[in-house]
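Reading the structure
For reference, the chains in residue letters:
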Amino acid sequence: MSWCVGGIVFSLLVVGILSSDASTESFKKFPLLMPHVKPERAETYFCTPIRIDPTQEYYVTAFQPNASMETAHHMLLYGCETPGSDQDVWNCGEMALAQPGITTAPVCGSGSQVVYAWAKDAPKLVLPEGVAFKVGGKTPIQYIVLQVHYASVEKFKDGSTDDSGVFLYYTETPQPKSAGVLLMGTGGRINPKSVEYMETACSIDEDKVLHPFAFRTHTHGLGRVVSGYKVTREGSFDRWQLIGKKDPQLPQMFYPVANDLVLRRGDKVAARCTMQSKRERITRIGSTNEDEMCNFYMMYWTDNTVLRKKTCFTLGPPFYFWTRDGLNNIPDADASSLAIGTSAKEQGIPSHQI
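Residues numbered from 1 in each chain as written. Predicted model: local features only at pLDDT ≥ 70, side-chain atom pairs only at ≥ 80, totals over all residues. Heavy atoms only, no water.

As recorded in an unreviewed UniProt entry, the protein goes by peptidylglycine monooxygenase and comes from Petrolisthes cinctipes. Turning to the protein, the UniProt record has this under Subcellular location (unreviewed entry): "Secreted". Taken directly from UniProt, the Catalytic activity (unreviewed entry) text for the protein runs: "a [peptide]-C-terminal glycine + 2 L-ascorbate + O2 = a [peptide]-C-terminal (2S)-2-hydroxyglycine + 2 monodehydro-L-ascorbate radical + H2O". (UniProt positions renumbered as here; feature names shortened; annotations may be inferred.)

Structure representation (structure tokens):
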């Protein structure tokens, strides 16, 4: 079996068992890499696609980055129904600067969803046994698009090119659990010489049972702590359970969740980025390294299809805060601290429920 990139057919490599506790079947490996590009401007975002066989469903079980933070600021893999362009490479940043001879277009033409993200030399990600992203066939993911952000182009001034990307491990054997990603984030701004909370929250409004198993945080230089929670309304009180939190200046990999929990219809997911600015200017959410980002990725599995809702975004400060969304018993100290293992009371659980 083969996949197509820019009209070129690539053969697939059998790579064997992914880990000691994986099944005994062989997995295959596919290289989704930039085709030796040469970005000419700082803050460039390039995209390159693969077209997946529409007659065959594949099950992606692991992601191995082929990149260095010295070259790539971060990488994202998107699942698309259609790509943003039919070119081998196109310029795809939200605030993309035109480059001679290169088309400017969005990542996806339709059906966009994040599948994987990498930054700061994060290592390989292997999904739990039996969990996979289903792609190709009759699924909504007909293309996988690699986006690479080049914050600096100093490395390319000597004529060097780049093949950053991700090796996809997959099987054609159906897997019992479907993987999905909910991307949470905010807009907003950070005032000069201040600490700002950038917060978001959304309700689960579909009849699905979600099992979070990994999380990832992402900010630029001002992020100090990014935390995510399950919030359950019990009577008039909100019960907060930590999904995960991390210093976003550490390798921005997917980490195991802090607690084994389940999300159902009516539950909320909430995330906060604690930002600290010593700058003399306002810093806004944006796509360049001089701007900021606030993202919490929740990777989960379900026995059925994944959520239709792929993102959870708010306007951020000064327009949105958890308190304005009617949330209570907010674990302010815990949400902005890297300490793990705080008490139920510190996590905002009312005393009559402890």
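This part is about the environment of P192. Position of P192 relative to the elements: it lies in the loop between β17 (189-190) and β18 (194-203). Taking C-alpha positions, P192 is 6.1 Å from S277, a pair spaced 85 residues apart along the chain. (Helix = DSSP H or I, 4+ residues; strand = E, 2+ residues; numbered from the N terminus.)

What follows concerns the side chain of H74. Here H74 shows up in strand β7 (residues 74-80). Its relative accessible area of 5% is what places H74 among the buried residues. With sequence-adjacent residues up to four places away left out, H74 is seen in contact with Y45, W118, A119, Q147, V148, H149 and H218. (Buried < 20%, exposed > 50% of the residue type's maximum accessible area, 1.4 Å probe, protein only. Contact = heavy atoms within 4.5 Å.)

It is worth spelling out the state of the cysteines at this point. In the structure shown here, the tally under the stated rule is four disulfides. A sulfur-sulfur distance of 2.1 Å marks the disulfide that ties C202 to C312. When the S-S torsion is 100°, as for the bridge of C202 with C312, the disulfide is right-handed. With C202 in strand β18 and C312 in strand β26 (residues 311-314), the pair connects residues that are 110 residues apart, well separated along the chain. The disulfide bridge from C273 ends at C294, spanning 2.1 Å between sulfur atoms. Given an S-S torsion of about 90°, the disulfide between C273 and C294 has right-handed geometry. (Disulfide = S-S within 2.5 Å.)

Moving on to the sheet that holds strand β23 (residues 268-277). Reading across the sheet, the four strands line up as β18-β23-β20-β21 and stay open at both edges, with antiparallel pairing between neighbours. Each edge of the sheet is formed by a strand with only one pairing partner; in this case those strands are β18 and β21 (237-246). Here the average twist between neighbouring strands, direction ignored, is 25°. Sheet topology note: the β18/β23 ladder contains 10 bridges and is antiparallel. Bridge pairing in β23 links S194 to S277. (Pairing = 2+ DSSP bridges. Axes fitted to C-alpha atoms, helices over the stretch in contact; angles between N-to-C directions.)

Under the criterion given, the structure shown has 11 aromatic pairs. Between F215 and Y255, the ring centres sit 6.0 Å apart and the planes meet at 35°, which makes this aromatic pair tilted. In this pair, F215 sits in strand β19 (residues 211-219) while Y255 sits in strand β22 (residues 255-256), placing the two residues 40 residues apart along the sequence. Given the relative accessible area of 3%, F215 is considered buried. Residue Y255 is classed as buried on the basis of its relative accessible area, which comes to 15%. Through successive ring pairs, a cluster of aromatic residues spans F63, Y116, F133, F254 and Y297. (Phe/Tyr/Trp six-rings, centres within 6.5 Å; stacked < 30°, edge-to-face > 60°.)

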